[in-house]
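The chain contents come next:
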Amino acid sequence: MPDLTWLQPADDDATAEALSSRFTARLGRLPDGVWAAPGRVNLIGEHTDYNNGYCLPLALPHRTYAAVSGRDDGILRIGSAQKSHGWEGRVTDIRQGRPAGWPAYVAGVAAIFAERAGAQELGADILVDGHVPLGAGLSSSAALSCAAGLALRDLVPALAELEPADVAAACVRAENEIAGAATGGMDQTIAMRAVDGHLVLLDCQDFSVVPVAWTLPDHEVLVIDTRAHHALADGQYAVRRQTCEVAAAALGVRSLREVTPDQLVEGQVRALLAQIPDGAARVRHVVTENRRVLDLVSALREQDAQTVGELMTSSHSSLRDDYEVSCRELDLAVDAAIDAGAAGARMTGGGFGGSAIALVRREEAELIAEAVVGAFTDQGLEAPHLLEAVPSGPARRLR
Ligand code: GLA
């Protein structure tokens with residue numbers, strides 16, 4: 001039997017206490033508070049958010065924590081419990097690529113908020129402690145920006161009126177404009193607006209959210225972090241997004257959200273898409289994926305685990321064959337989980353590595369996990385890490 005590594009969430013109180021002490025040891029005073037924001041898995045609806053479509057994420061109990069004290073001198077100091085390097089500078093100095101790396105997700109949201117609060121005044125000392133696995137496609141970056149963003153909202157009087165949706169929107173802009181990643185908004189929205197015990201049906205046309213109950217008590221969502229991360233991923237994400245935008249323009253619609261599955265077979269639509277490299281396949285993924293999200297929500301309401309599983313698996317095939325964002329490790333995780341008895345499985349998140357998810361009977365979760373890990377070690381690949389996707393609550397202040 002292979003050894004299984006289950007990644008458990010951190011205990012909120014103990015982590016907040018320890019982080020607070022660490023902050024005090026480094027800076028000589030207590031933080032004003034400690035905030036936490038969750039990572040996520042998306043049950044279905046991948047690469048639809050930037051096409052104004054649907055997705056169905058849930059917040060994980062795995063969170064990123066931030067101990068924060070406000071300052072009123074326009075200075076930001078960012079440190080991490082995990083990383084040796086942080087960043088210190090003036091809020092007025094923040095721009096795309098500066099700072100680089102992980103501090104951009106914290107500095108970015110400060111820079112966006114400074115438009116409202118004033119870059120000479122807004123500042124903070126921020127120490128973060130990440131318990132969302134990094135590079136696993138579970139949105140550790142949105143957890144980071146949302147924990148910092150919520151802290152600033154709570155500490156800076158000029159931001160006090162902002163709603164969770166406004167904080168999420170600022171974090172999306174921080175990621176797009178400062179960190180330089182053209183992502184779509186699903187991750188920040190679920191981090192800020194998750195509903196404990198529920199999935200969230202997110203309509204990215206207007207970012208409205210509808211809580212969807214988990215109606216399958218005998219089943220759980222097993223997360224398989226393949227620990228694979230392939231280079232070029234970020235560039236490929238931008239290329240996919242651009243192809244979608246070019247296709248929408250060619251079809252004369254504001255976004256691919258407006259295209260129906262029936263239209264895909266119309267001669268004129270096919271002719272227009274044939275002129276765009278990979279256009280037909282990419283659009284087919286987005287259009288059919290939007291439909292699968294709504295079908296899966298109906299299947300969940302009918303407590304139909306089999307259909308939920310089948311929709312997850314067809315989503316994976318579409319991402320693998322039409323959208324071409326899967327990879328060997330993700331395909332292996334999906335195939336091995338299904339062979340071992342999962343009702344369905346798919347990659348989750350942006351792709352090119354990261355995590356897959358499988359719908360499994362609770363009583364079979366351990367066995368299926370063993371089979372997946374066994375399949376990886378048989379092929380000489382590093383053993384995946386495992387998490388249980390317990391639908392959890394949104395970003396919040398802990399103390
Ligand atoms: C990444 C992005 C999201 C979304 C997914 C794909 O996680 O951050 O905005 O586009 O990829 O569904």
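Everything below is about the structure shown above.
The sections below set out a description of the structure shown in this document. Bear in mind the structure is a predicted one, so any value in this text is a computation, not a measurement.

Glancing now at the overall build of the protein. Counting its secondary structure elements, the protein contains 11 helices and 13 strands. Relative to the 2.2 N^0.38 estimate, which gives 21 Å for 399 residues, the radius of gyration of the protein is 21 Å and therefore close to what a compact globule would have. When each of the 399 residues of the protein is scored for burial, the buried share is 57%. For the protein, the accessible area works out to roughly 15900 Å², and carbon and sulfur atoms hold 48% of it.

Here we take up the site of the ligand. The ligand sits among 13 residues. The nearest are E46, H47, D49, D187 and Y237. Taking R40, its side chain carries an N or O atom lying 2.9 Å from an oxygen atom of the ligand. Measuring from an oxygen atom of the ligand, one finds a backbone N or O atom of G184 at 2.9 Å. Calculation on the ligand without its partners gives an accessible area of 300 Å², and the protein chains cover 93% of this total. A molecule is said to occupy a pocket when more than half its atoms come within 2 Å of that pocket's grid points, and by this definition the ligand occupies the largest pocket. A per-class count over the shell around the ligand returns 3 nonpolar, 6 polar and 4 charged.

With that settled, the discussion passes to the state of the cysteines. Inspection of the entire model under this criterion finds 0 disulfides. Cysteine C244 shares no disulfide, and the gap to the nearest cysteine sulfur, in C204, comes to 13 Å.

With that settled, the discussion passes to the layout of surface pockets. Each pocket or cavity is described by its volume, and for the largest pocket that value is around 1100 Å³. Around the largest pocket, the lining comprises 46 residues; the ones closest to its centre are Y105, G135, S139, S140 and S141. At the level of secondary structure, the elements contributing two or more residues to the lining of the largest pocket comprise β6 (123–130), α3 (140–155), α5 (186–193), β9 (219–229), α6 (233–251) and β11 (353–361). Top contributing element to the lining of the largest pocket by residue count: α6, with 4 residues. Here the second largest pocket defines a volume of roughly 160 Å³. Lining the second largest pocket are F23, R26, L27, R77, I78, G79, W87, E88, D125, I126 and L127. Secondary structure elements with two or more residues in the lining of the second largest pocket: α1 (12–27), β4 (75–80), β5 (87–90) and β6. Of the residues contributing to the lining of the second largest pocket, the split by class is 6 nonpolar, 1 polar and 4 charged.

Cut-off values and rules
Residues numbered from 1 in each chain as written. Predicted model: local features only at pLDDT ≥ 70, side-chain atom pairs only at ≥ 80, totals over all residues. Heavy atoms only, no water. Helix = DSSP H or I, 4+ residues; strand = E, 2+ residues; numbered from the N terminus. Rg over C-alpha atoms; globule rule 2.2 N^0.38 Å. Buried < 20%, exposed > 50% of the residue type's maximum accessible area, 1.4 Å probe, protein only. Areas by Shrake-Rupley, 256 points an atom, 1.4 Å probe, with all protein chains shown as cover. Near = heavy atom within 4 Å. Polar contact = N/O pair within 3.5 Å; in protein donor to acceptor, adjacent residues only side chain to side chain. 1 Å grid on protein atoms, 1.4 Å probe; cavity = no way out; pocket = protein on both sides within 12 Å on 5 of 7 lines; lining within 4 Å. Sits in = over half its atoms within 2 Å of the grid points. Nonpolar A, V, L, I, M, F, W, Y, C, P; charged D, E, K, R; others polar. Disulfide = S-S within 2.5 Å. Points joined across faces, edges and corners; volume = space filled by probe spheres on them.

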